[in-house]
Amino acid sequence: MKILVFGALNIDLVFSVDHIVLPGETIGSASLMKSAGGKGANQAAALAKAGLPVYMAGKIGRDGEFLLELLRSYGVNTDKVAVYEGATGQALIQLDKNKQNAIVLYGGGNSAITPEEIHTTIDSFSAGDLIVLQNEIVHVREIMEYAKKRGLRICLNPSPCNEKIKDLPLDMADMFFVNEIEAASLADMSPDTDIPRVLENLVKRFPHAEIILTAGKDGAWYGFEGTRGKGEIIDLPVADTTGAGDTFTGYFIAAREKNMSVNDALAVACKASSIAVSRKGAMESIPLADEVFFPGFDINAHKG
Ligand code: RIB
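## Considerations on the pairing of strand β1 (residues 3-6)
- The two faces of β1 match: I3 and V5 on one face and L4 and F6 on the other face are all buried.
- As paired strands, β1 and strand β8 (residues 130-133) are joined by four bridges and run parallel to one another. In the strand pairing of β8, L4 is matched with I131.
- Relative to strand β4 (residues 55-61), β1 runs parallel, the two sharing three bridges. The residue bridging L4 from the neighbouring strand is Y55, located in β4.

## Digging into the sheet that holds strand β3 (residues 31-37)
- The sheet built from four strands is open, its strands ordered β3-β2-β6-β7 with mixed pairing. The sheet is open, and its two edges are formed by β3 and β7 (101-106), each paired on a single side. Direction aside, neighbouring strands of the sheet carry axes that sit 20° apart on average.
- By the bridge criterion, seven bridges tie strand β2 (residues 10-16) to strand β6 (residues 89-95) in an arrangement that is parallel. From the neighbouring strand, S16 faces β6, where its bridge partner is L95.

## Points about the nonpolar core
- Counting residues in each nonpolar core, the largest one holds 50 residues, and the members touching the most others are L9, M56, F248, Y251, F252 and I253.
- Considering every element that reaches this core, the biggest residue donor is helix α8 (residues 262-277), with eight residues.
- Counting 40 residues, the second largest nonpolar core, distinct from the first, contains I143, L202, I211 and L213.

## Points about the site of the ligand
- The immediate surroundings of the ligand are formed by 13 residues, with D12, G38, K39, E136 and D246 found nearest.
- At 2.9 Å, a backbone N or O of G38 approaches an oxygen atom of the ligand.
- In the model, an oxygen atom of the ligand is placed 2.9 Å from a nitrogen or oxygen of the K39 side chain.
- A total of 280 Å² of accessible area belongs to the ligand in isolation, and the protein chains cover 95% of it.
- Going through the elements one at a time, β2 and α1 (39-49) are the ones with two or more residues in the shell around the ligand.

## Comments concerning the sheet that holds strand β10 (residues 175-179)
- One open sheet accounts for nine strands, arranged β5-β4-β1-β8-β9-β10-β11-β12-β13; its pairing is mixed. The sheet is open, and its two edges are formed by β5 (77-84) and β13 (227-231), each paired on a single side. The sheet shows a mean angle of 15° between the axes of neighbouring strands, direction not considered.
- Looking at chain direction, strand β12 (residues 220-224) and β13 are connected through five bridges and run antiparallel. Opposite G223, over in β13, you have R228 as the bridge partner.

## Let's talk about the packing of aromatic side chains
- Within the structure shown, the criterion is met by seven aromatic pairs.
- For the pair F176 and F206, a centre-to-centre distance of 4.7 Å together with 45° between the ring planes defines the contact as tilted. Taken together, the positions of F176 in strand β10 and F206 in the loop between α6 (195-205) and β11 (210-214) put the pair 30 residues apart, joining distant regions of the chain.
- A relative accessible area of 1% places F176 in the buried class.
- Consider the rings of F177 and F252, whose centres lie 5.8 Å apart with planes at 75°: the pair is edge-to-face. Residue F177 is located in strand β10, and its partner F252 is located in helix α7 (residues 244-257); the two are separated by 75 residues in the primary sequence.
- Residue classification places F177 among the buried positions, given a relative accessible area of 3%.

## A few points about α1
- Among the eleven residues that make up α1, eleven are buried, leaving the element largely enclosed by the rest of the structure.
- Listed in full, the buried residues belonging to α1 are K39, G40, A41, N42, Q43, A44, A45, A46, L47, A48 and K49.
- G51 sits one or two residues past α1 and shows a positive phi near 105°.

## Focus on α7
- For α7, built from 14 residues, the straight-helix expectation of 20 Å at 1.5 Å per residue is met to within 8% by its first-to-last C-alpha distance of 20 Å.
- α7 sits mainly inside the fold: eleven of its 14 residues count as buried.
- Trailing α7 by a residue or two, N259 shows a phi angle of about 70°, which is positive.

Reading the values: rules and limits
Residues numbered from 1 in each chain as written. Predicted model: local features only at pLDDT ≥ 70, side-chain atom pairs only at ≥ 80, totals over all residues. Heavy atoms only, no water. Buried < 20%, exposed > 50% of the residue type's maximum accessible area, 1.4 Å probe, protein only. Helix = DSSP H or I, 4+ residues; strand = E, 2+ residues; numbered from the N terminus. Pairing = 2+ DSSP bridges. Axes fitted to C-alpha atoms, helices over the stretch in contact; angles between N-to-C directions. Core = buried A, V, L, I, M, F, W, Y, C linked by side-chain atoms within 4.5 Å. Near = heavy atom within 4 Å. Polar contact = N/O pair within 3.5 Å; in protein donor to acceptor, adjacent residues only side chain to side chain. Areas by Shrake-Rupley, 256 points an atom, 1.4 Å probe, with all protein chains shown as cover. Phe/Tyr/Trp six-rings, centres within 6.5 Å; stacked < 30°, edge-to-face > 60°. Expected span 1.5 Å × (residues − 1).

Pasting the structure below:
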């Protein structure tokens, strides 16, 4: 079984500001950090740091080659990332004094992926392999349809949650990773609805998919058929929440692929994302397996 993450690779530009800038306002930034990000790349990094072999597919410009070097240093296979003569995707991130963020995306290479590249990439994978997708690149519908046709299992993180999501063939997903806002939107419920009610709605609406619902400090929920699970975060000081969801996704998948129980996988993923939010940056803040389990823990040897 192989894992392919087909998603965005971004250069993150993180501005440390007092507050998120208001319309018409100009504010200064105490610091500017250029770092590695993109939901796809972060999730691939989390899977690799958790100890799984993983392939990354996407597109960057030459300005983003440092992203590939970093991913390779974690063990991610980047052969399926195309390099073109344009700009890499960028995320302009404002991080305020309360560690809340606001992000503006520029698609760059993420918007330049072609149907031909999609087919060539997916042709290297076969029935039973897992494809991990987010909503930060073009042609997600085509990717889902072609992956399904080839028998791949589809894991969808519908983030960012925008109008494009409802046009996707959501019934093709075998697994959803959603935060509480995304979950309420998929369930057509108010964002104030109790999380367990939203979860039950999604379990009924997508009876063939595992639902993994994260809710920041409130932890994470799991629902599939008759099984329910709950994980709690570890209360660490918050430095930067960017990439926390990506860390959770990578670690949860890795733990499940290694036969850990649902509740153990939730605990592992909650711990990994708690550590990630205690550090600045996205991809670089994702902990290594040794930090999440215990020194010397070998995820490959774990039997749930
Ligand atoms: O999920 C976090 C990521 O979202 C950041 O790394 C940024 O690139 C944005 O895409």
